[in-house]
Amino acid sequence: QVQLVESGGGLVQAGGSLGLSCAASGNIFSIKDMGWYRQAPGKQRELVATITSGGSTNYIVSVKGRFTISRDNAKNTVYLQMNSLKPEDTAVYYCNAKIMPFTTRVDYVYWGQGTQVTVSS
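Remember, it's a predicted structure, so these values are computed and weren't measured experimentally.

### Focus: the packing of aromatic side chains
Right, on to step 1. For the structure on display, the rule yields three aromatic pairs.
Right, on to step 2. Between Phe 29 and Phe 102 the ring centres are 5.3 Å apart and the planes differ by 75 degrees, which places this aromatic pair in the edge-to-face class. Residue Phe 29 is found in strand β4 (residues 28-39), and its partner Phe 102 is found in the loop between β9 (91-101) and β10 (108-111); the two are separated by 73 residues along the sequence.
Right, on to step 3. Under the relative-accessibility criterion, Phe 102 is labelled partly exposed at 44%.
Right, on to step 4. Residues Tyr 108 and Tyr 110 carry aromatic rings whose centres are separated by 6.4 Å and whose planes lie at 70 degrees to one another, so their mutual orientation is edge-to-face.
Right, on to step 5. On the accessibility criterion, Tyr 108 (39% relative accessible area) is partly exposed.
Right, on to step 6. Positioned over the ring face of Tyr 94 is Arg 45, at 3.7 Å from the centre of the ring.

### Topic: the state of the cysteines
Right, on to step 1. Across all of its chains, the model carries one disulfide by this definition.
Right, on to step 2. Paired by a disulfide, Cys 22 and Cys 95 hold their sulfur atoms 2.0 Å apart. What sets the handedness of the Cys 22 and Cys 95 disulfide is the S-S torsion sign, and at about 45 degrees it is right-handed. Of this pair, Cys 22 sits in strand β3 (residues 18-26) while Cys 95 sits in strand β9; the two residues are 73 residues apart in sequence, bridging distant segments of the chain. Accessibility classification places Cys 22 together with Cys 95 in one group, the buried group.

Here is what the cut-offs are and how they apply
- Residues numbered from 1 in each chain as written.
- Predicted model: local features only at pLDDT ≥ 70, side-chain atom pairs only at ≥ 80, totals over all residues.
- Heavy atoms only, no water.
- Phe/Tyr/Trp six-rings, centres within 6.5 Å; stacked < 30°, edge-to-face > 60°.
- Helix = DSSP H or I, 4+ residues; strand = E, 2+ residues; numbered from the N terminus.
- Buried < 20%, exposed > 50% of the residue type's maximum accessible area, 1.4 Å probe, protein only.
- Lys NZ or Arg CZ within 6 Å of the ring centre and 35° of its normal.
- Disulfide = S-S within 2.5 Å.

Take a look at the structure:
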């Protein structure tokens, strides 16, 4: 069984910073891409940032220069540092990872439970 457990998030004023982390655990053989998505009320879930196992990153335009995705492969953990937060960043943030379990040796996409980020104006 593979699990992604998120931590961080909360309430912050505009211009402030928050950090999220997401740790993968369980029957893991390897982890490929990891990423963060978000879903605001009444909107579709959108990709925020991704990072490959080699450390290559991609961001949506609206967060470039403000958010930083990183990972610790030894800890099977992905992070999202969010700076200069804006009210429009308010959403539930989900981590995502493509993981190959030992038992199946096939890649599956797993999701975290989601964590609320609220930015007040």
